[in-house]
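Listed below, chain by chain, are the residues.
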Amino acid sequence: MKILMIAINDPAGTAIAFTKAINRYTNHTCRLITREIRYNFMFEKDIHLPWLDRDGWEEVEWLLRESDLFHFHMTADEYIELGPFRPVDYIKGKTLVHHHHGHPDFRGNPLKYREKYKRLKRENLLVSTPDLLKLLPDAKWQPNLVPIDDPLYRPLEKCPLEKSPLEKNPLENSPLEKSPVIICHSPTRRELKNTDQFLQAVDILRRKSKTAVELRLIDNTPHIECLRLKQESHILFDHMQGYYGVSSLEGLSQGLCVIAGLDEWNISHIKEFTGAETLPWLPATPQTLQWVLEDIVEHKDRIPEYAAASRSFMEGCWSEEKVLGRLLSIYGFQDDL
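A quick note: this is a predicted structure, and the numbers were derived from the prediction, not measured. (Residues numbered from 1 in each chain as written. Predicted model: local features only at pLDDT ≥ 70, side-chain atom pairs only at ≥ 80, totals over all residues. Heavy atoms only, no water.)

Novice: For this particular structure, what's the right way to read helix H10 (residues 303–317)?
Specialist: Every α-helix carries 3.6 residues per turn, so stepping three or four residues along brings you back to the same face. Over its 15 residues, H10 extends 21 Å from the first C-alpha to the last, a length consistent with the 21 Å expected when each residue adds 1.5 Å. Along H10, the positions that sit buried rather than exposed are Ile303, Ala307, Ser310, Arg311, Phe313, Met314 and Cys317. The arc enclosing the buried residues of H10, seen along the axis, measures out at 170°, which places them on a common side. What points out from H10, more than 90 degrees from its buried face, is the exposed set Pro304, Glu305 and Gly316. (Helix = DSSP H or I, 4+ residues; strand = E, 2+ residues; numbered from the N terminus. Expected span 1.5 Å × (residues − 1). Buried < 20%, exposed > 50% of the residue type's maximum accessible area, 1.4 Å probe, protein only. Arc of directions from axis to C-beta.)

Novice: Would you explain the sheet that holds strand S6 (residues 125–127) in this entry?
Specialist: The strands that make up a sheet are held in pairs by hydrogen bonds between backbone atoms, and each pair lies either parallel or antiparallel. Taken in spatial order, the 7 strands make up an open sheet running S3-S2-S1-S4-S5-S6-S7, and their pairing is parallel. Looking at strand neighbours, the two that pair on one side only are strand S3 (47–48) and strand S7 (140–141), the edges of this open sheet. Two strands pair when backbone bridges link them, and S6 and S7 are joined in this way by 2 bridges, in the parallel orientation. For Leu126, the partnering residue across the bridge sits in S7 and is Lys140. Sheet strands touched by helix H1 (residues 14–25): strand S1 (2–7), strand S2 (29–34), strand S4 (69–73) and strand S5 (95–100). Its angle to S2, the strand with the most contacts, is close to 160°. (Pairing = 2+ DSSP bridges. Contact = heavy atoms within 4.5 Å. Axes fitted to C-alpha atoms, helices over the stretch in contact; angles between N-to-C directions.)

Novice: Would you take a moment to explain unusual backbone geometry for this structure?
Specialist: Backbone geometry follows two general trends: most residues other than glycine have a negative phi, and most peptide bonds adopt the trans configuration. Positive phi is not limited to glycine here, since Met74 has a value of about 55°. Here Met74 shows up in the loop between S4 and S5. Phi at Asn220 is positive, roughly 50°, even though this residue is not glycine. Positionally, Asn220 belongs in the loop between strand S10 (211–217) and helix H6 (223–231). For Asn220, a relative accessible area of 61% translates into the label exposed.

Structure follows, in structure tokens:
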């Protein structure tokens, strides 16, 4: 089967990850067309319209004509303009899939999308996180995948965090352990990621703790560099919105202590998908975040244990094959990965 993914922009690099996984693990072929770059994170591209020459545009037309399945991401649909082409002119006989990733218009106007898909009798509806099922009840949750065996997604051997000689802090005249605990956070949009609360908690932590704490706020950074900076860290703060982000999956794969405020709805869906009795995320709310950070740093000898649990969870419960198998079943393919 020939699969064509179509997106205005690639949400958190998830579309290219699915594209590459399909081509790597199955006998199907998958291509991805993107139209815009947002946030300038420089995720890998397949067919990016602003970069095309004449041959590239001919390939776009060929893919629209020959593909068996159109997989639309975010708010894209058959009426998206791809230069001089629109998928609607090529959809006869094709399977159509609509995949939502939490775009503000979707979150703010879910009824518009529910009525649209009902009117068009669209059945292949996907959402990227379980919380979005509340907005589109007829959809299925399709977990995002990360390539856990890619070197940038594997745990990095770090310097031990055992207790070290104390040095004097010239600002506070109190002893600090030399070996720093590195805490990172990579918000796309700070207002949606509890970034201000996180920064306030870290500021208090650094003033109170006798352990040196290094903060890495990874903002407007190319994705490869973002992954490298996370990989060197010990703790990753995702957000406290009830669900998890791709950043969480990256951090778990890299063997980090990942903090996220998962609610019971998301926890139950994740456990059902993974089969895991316990999840590796360290839970936090705005009321408990300060305590969670202080507890990890104060007991930093536990960090390797958290790290091993994170990586083990991704290897055993969230592999590319497991996630991809779910997508293929939604497509209606009977592949055995």
